[in-house]
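Chains, contacts and geometry: an overview
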Amino acid sequence: MPIRPTFDQNAALIQARLRVSGKFLRVGEEKVRLRGISYGPFRPNAAGAPFPEDSRLTSDLEHLWALKFDTVRLYDPPSDHLLSEAQRLGLRLIVGIPWTDHVDFLRDPALQEKIISTVRETVTRLRDHPCVVAFLVGNEIEKTLVRWMGPQRVQQFLEQLIDVGHACAPNQLFSYATYPSTEYLIPRNADFLAVNVYLEQPAAFQNYLQRLHNLAGNKPLLITEFGLDAAVHGEAAQTETRQWFEQICAESAVAGTIWFSYTDEWFRGGEEVTGWQFGIVDTDRRERLIAKPVQRTPLIDSWPKVSVIVCTYNGEATLHACLTSLQSLSYPDYEVLVIDDGSVKEVSDIAQDFPSVRYIRQDHAGLSVARNLGAKEARGEILAYTDDDCIADEDWLSFLAAGFDNPQWVACGGPNIPPPARNQTESVVASAPGAPAHVLITDIEAEHLPGCNLAIRKSALEAIGGFDPIYQAAGDDVDICWRLRDAGGRLRFIPGAMVWHHRRYTVSAYLRQQCGYGEAEALLMKKHPQRFGILGGARWSGAIYGDAAPTTNPAEGSIYHGPLGNGLFQGIYQQSTRSAMDLFTGVLGLLPLVLAAAFNMYLLGLVLLAAFIFSGFHRMRQQASRIHSFSFIRQIQLLYLFVMQPIKREQSRLFGLINYRVMPRWQPQPKEVSPSCHSKHWSLKFSEHTFWNEEHVGRDRFLVELRALLQSQGFTTEVDDGWQRIDVEARLTSWLSIAFLTVTEYHGKGRCLTRVRATGKTGLLGCIPLLALYFFLRQKAIKLITQATEKSGLSATSQHI
């Protein structure tokens, strides 16, 4: 056992608060990657706390400290003794807040209030302790239970819990620990994405990390559980797994890892869990092979020379901060070039403050010409472009260079994230639409990478003739990405290669930027007509990833639950956000309003104006994830930007089409990354029933008996294909059916509570017949449920209408 450290030796480790910094975590200005291990849950000790006796707890914490872990994940709030020992050792604590998450908690307002009180009391007690660095307001709500309650409703409740936590402890970090079976269940106000995942193949795990990064958006990714059972796979495989797990997480910019677990002791549901060996020590605290230190290897064996190229035109306001960040890169072999595109204001004085920077000036000729000049003067084999209003993370180039590990990748890029706003106006503008975004065909391969964070092989750029000079302010990156792909190259998205990218500082500057984008789209239409629609919108084959993550709206039809909701990996698929409301956006949306005013149809004009404003409000609610933190005045300001952005952009695009003599051509819509599976039906709930059993009998037996009963009575039945929140559908006619949804709550020791919901479903035009037949269909559904229940051996407890 190592010598026990004193508090003074470790106090500095935990005095400063952990904070989110884009895709990473920091303490002060130092980037931190958490090396954690899970601890518990345990059988309650003599004092009633869910932890070992104090002497054993002390030796456990000292042991895991000696094994170089710096973070401990707890599944219960820590005791006072655990807090004091963690503080003495300098250990960080991620505290789980347990509550009744194995039942339908959304049907009971009193239970919800109890859960909220639990979160509030736990956070209030621990908020000021220096060891506590984050709270998890929940952990792995069972997948079929989430499907039963509704993913959106569960997400909203978790967001409410996080809001309660933030209100009690504004400086603490909060999240919810999801898992692959509910990967879509990500609170929008979480400070980081926490995921429990168990995969045994390194390639599959590495690919899944890329997907999780895309779900996390601009936030850090933490793996809050990962492990391997030595009882099944052996200690050697467990040790090897931990080695590649830590290596892949480091290479994939994971901000922290939690190995599951410290010991084989596990107490859950009032019972000891035995027969498994996930711990790095057994129940008697004997070390396994896995306890030895993990050895990490470098990201790549040899580092190619990289030329960082910053093109600027009157960018003196932000250039100094940009160049300062580029002096602090961790990459071993790079140069920095500043290409001054004939700035009216002198930027050379700023460049002279950085002796290692090569300053080159040209007469004002536009962004593409400046980019080409930078490529010509560059000495590196990789050209890394960034903008003068960007601040590079210190590991930016390291992640970018590692992305070129295969010749098939001709370009790489990462996220561009708005830095913390200095005032409310910047915050509003950062939440407005139209920011530079990457477009992904898969979780790894990109169709488009923004030019503010774009690295290209010099040979590949030269092979296609460089940037097209016609793009003087915007559009150059879209054009170059399409041409690289047309030449057979592939583009790679690297989540860890992040830069901070200032959005515009004022509303007027933002609207001018959108006008510039619109004009650039007209130029792109002239050169790439096959990639645009008849009204000028770009036809992307991939999905657009901006500042909002795709889990913003986990609606029915966008989630693949797997048949009967049992999928192990239940993915959310980003669908088109277009709707009928889009008819009331942009310049074309204003046309009916103008015509109504011209012909003195004022009532119609008022209706259209209301629809126009509501359309902007609808898009704002869908896309702006931080709207809940804005005051009413700022929300109105953001609504104004959502209304005006498409108008300004489309206006400039239309003027550009006229100016450049471009005639839009109809093109077929390219195949989407995933099909649209939104359900198109109207439904009416008939009844809900609950059934009890103490012999492990639940929904599976009930559904077998229900299907057999329906078939025996001549019903045409359909079983859930994985996309809808139903289990079995009994079709009465081609347009009318009764749908059944089930879930089983597990209450320990074989006790199961099964819930069944019967719903009438019809097409959008069949709602009147459904209402007319309501009582008949309801009685039919109740009779079917009662008969299936009797055959499956369940006992009825209640019926709720």
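Criteria and cut-off values
- Residues numbered from 1 in each chain as written.
- Predicted model: local features only at pLDDT ≥ 70, side-chain atom pairs only at ≥ 80, totals over all residues.
- Heavy atoms only, no water.
- Helix = DSSP H or I, 4+ residues; strand = E, 2+ residues; numbered from the N terminus.
- Buried < 20%, exposed > 50% of the residue type's maximum accessible area, 1.4 Å probe, protein only.
- Contact = heavy atoms within 4.5 Å.
- Areas by Shrake-Rupley, 256 points an atom, 1.4 Å probe, with all protein chains shown as cover.
- Phe/Tyr/Trp six-rings, centres within 6.5 Å; stacked < 30°, edge-to-face > 60°.
- Lys NZ or Arg CZ within 6 Å of the ring centre and 35° of its normal.
- Salt bridge = Lys/Arg side-chain N within 4 Å of Asp/Glu carboxyl O.
- Core = buried A, V, L, I, M, F, W, Y, C linked by side-chain atoms within 4.5 Å.
- Pairing = 2+ DSSP bridges.
- Axes fitted to C-alpha atoms, helices over the stretch in contact; angles between N-to-C directions.
- 1 Å grid on protein atoms, 1.4 Å probe; cavity = no way out; pocket = protein on both sides within 12 Å on 5 of 7 lines; lining within 4 Å.
- Points joined across faces, edges and corners; volume = space filled by probe spheres on them.
- Nonpolar A, V, L, I, M, F, W, Y, C, P; charged D, E, K, R; others polar.
- Patch = residues over 30% accessible without salt bridge, like charges linked within 9 Å, V, L, I, M, F, W, Y side chains within 5 Å.
- Polar contact = N/O pair within 3.5 Å; in protein donor to acceptor, adjacent residues only side chain to side chain.

As for the overall build of the chain
A count of helices and strands for the chain gives 23 helices and 32 strands. Going through the 801 residues of the chain one by one, you find that 58% of them count as buried. Of the contacts made within the chain by residues no fewer than 6 positions apart, 75% connect residues no fewer than 24 positions apart. Of the roughly 34,000 Å² of accessible surface on the chain, 55% is carried by carbon and sulfur atoms.

Some words on the packing of aromatic side chains
A full pass over the atoms with the stated rule returns 31 aromatic pairs. Taking 5.9 Å as the distance between ring centres and 80 degrees as the angle between the ring planes, the aromatic pair formed by Phe260 and Trp266 counts as edge-to-face. Ring geometry for Trp303 and Tyr331: centres 5.2 Å apart, planes at 85 degrees, overall edge-to-face. Here Trp303, found in the loop between strand E13 (271–272) and strand E14 (306–312), pairs with Tyr331, found in the loop between helix H10 (316–326) and strand E15 (334–341); they are 28 residues apart in sequence, far enough to count as distant. With a relative accessible area of 4%, Tyr331 lands in the buried category. Feature note: the residues Tyr198, Phe205, Phe226, Trp244, Phe245, Trp259, Phe260, Trp266, Trp276 and Phe278 constitute an aromatic cluster, connected by ring pairs. Over the face of the ring belonging to Trp148 we find Arg757, whose NZ or CZ atom lies 3.9 Å from the ring centre.

Digging into the pattern of salt bridges
The tally for this structure, following the rule as stated, stands at 50 salt bridges. Two residues, Lys31 and Asp395, come together in a salt bridge whose shortest N-O distance is 2.8 Å. Placement of the pair is Lys31 in strand E3 (residues 30–32) and Asp395 in the loop between strand E18 (390–392) and helix H13 (396–402), with a sequence separation of 364 residues. For Asp333, the salt bridge identified is with Lys305, shortest N-O distance 3.3 Å. Taken together, the positions of Asp333 in the loop between H10 and E15 and Lys305 in the loop between E13 and E14 put the pair 28 residues apart, joining distant regions of the chain. Bridged by salt links that share partners, the residues Arg26, Lys31, Asp393, Glu394 and Asp395 form one connected network.

Some points on the nonpolar core
Judged by nonpolar contacts, the single largest core of 81 residues is most densely connected at Phe105, Ile141, Phe205 and Ile223. With seven residues, the single largest contributor to this core is helix H6 (residues 151–168). Not counting chain neighbours up to four residues away, the residues in contact with Phe205 comprise Val197, Leu199, Phe226, Trp244, Phe245, Ile248 and Cys249.

Brief notes about the sheet that holds E15
Hydrogen bonds between backbone atoms are what pair the strands of a sheet, whose relative direction is either parallel or antiparallel. As summarised here, the arrangement of the 10 strands in space is E16-E15-E14-E17-E23-E19-E24-E22-E21-E26, forming an open sheet in which the pairing is mixed. Unpaired on one side and paired on the other, strand E16 (357–362) and strand E26 (543–545) mark the two borders of the sheet. Within this sheet the neighbouring strands show an average axis-to-axis angle of 35 degrees, counted without direction.

Notes on the sheet that holds strand E1 (residues 18–21)
Strands sit in the order E1-E2-E3 across an open sheet of three strands; the sheet is antiparallel. In the strand order of this sheet, the two ends are held by E1 and E3, each with one partner. Each strand of the sheet is rotated relative to its neighbour by a mean of 45 degrees, with strand direction disregarded. Bridging between E1 and strand E2 (residues 24–27) involves four bridges; their strand directions are antiparallel. Along E2, the bridge assignment pairs Val20 with Leu25.

A short note on the layout of surface pockets
Reported here for the second largest pocket is a volume of approximately 1,400 Å³. Contributing to the lining of the second largest pocket are 46 residues, with Asp101, His102, Asn139, Arg268 and Gly269 lying nearest its centre. Those elements that place two or more of their residues in the lining of the second largest pocket are strand E5 (71–74), strand E7 (132–139), helix H5 (143–149), strand E12 (267–268) and strand E30 (736–746). Residue composition of the lining of the second largest pocket, by class: 22 nonpolar, 12 polar and 12 charged.

Considering a nonpolar patch on the surface
Together, Leu606, Leu609 and Ile613 make up an exposed nonpolar region whose accessible area comes to about 260 Å². Relative to the elements of secondary structure, Ile613 occurs in helix H19 (residues 602–623).

Remarks on the environment of Cys752
Inspection of the secondary structure puts Cys752 in strand E31 (residues 752–762). Once the C-alpha coordinates of Cys752 and Glu695 are considered, the two residues, 57 residues apart in sequence, prove to be 7.8 Å apart. Ignoring sequence-local partners within four residues, the contact set of Cys752 consists of Phe691, Trp692, Asn693, His696, Val697, Thr744, Glu745 and Tyr746.

As for the pairing of strand E24 (residues 490–493)
As paired strands, strand E19 (residues 409–413) and E24 are joined by four bridges and run parallel to one another. Across the sheet, residue Trp409 finds its bridge partner in E24, namely Arg490. Summarising the sheet, strand E22 (residues 445–448) and E24 pair through two bridges and their orientation is antiparallel. Residue Ala446 lies in a different strand from E24, and its bridge partner there is Leu491.

Some details on the side chain of Asp720
Mapping Asp720 onto the fold places it in the loop between strand E28 (716–719) and strand E29 (728–731). Classification of Asp720 as buried rests on a relative accessible area of 4%. One polar contact links the side chain of Asp720 to the main-chain amide nitrogen of Gln724, over a distance of 3.4 Å. The contact partners of Asp720, leaving out residues within four places of it in the chain, are Arg147, Gly562, Pro563, Leu564, Gly565, Ile726 and Asp727.

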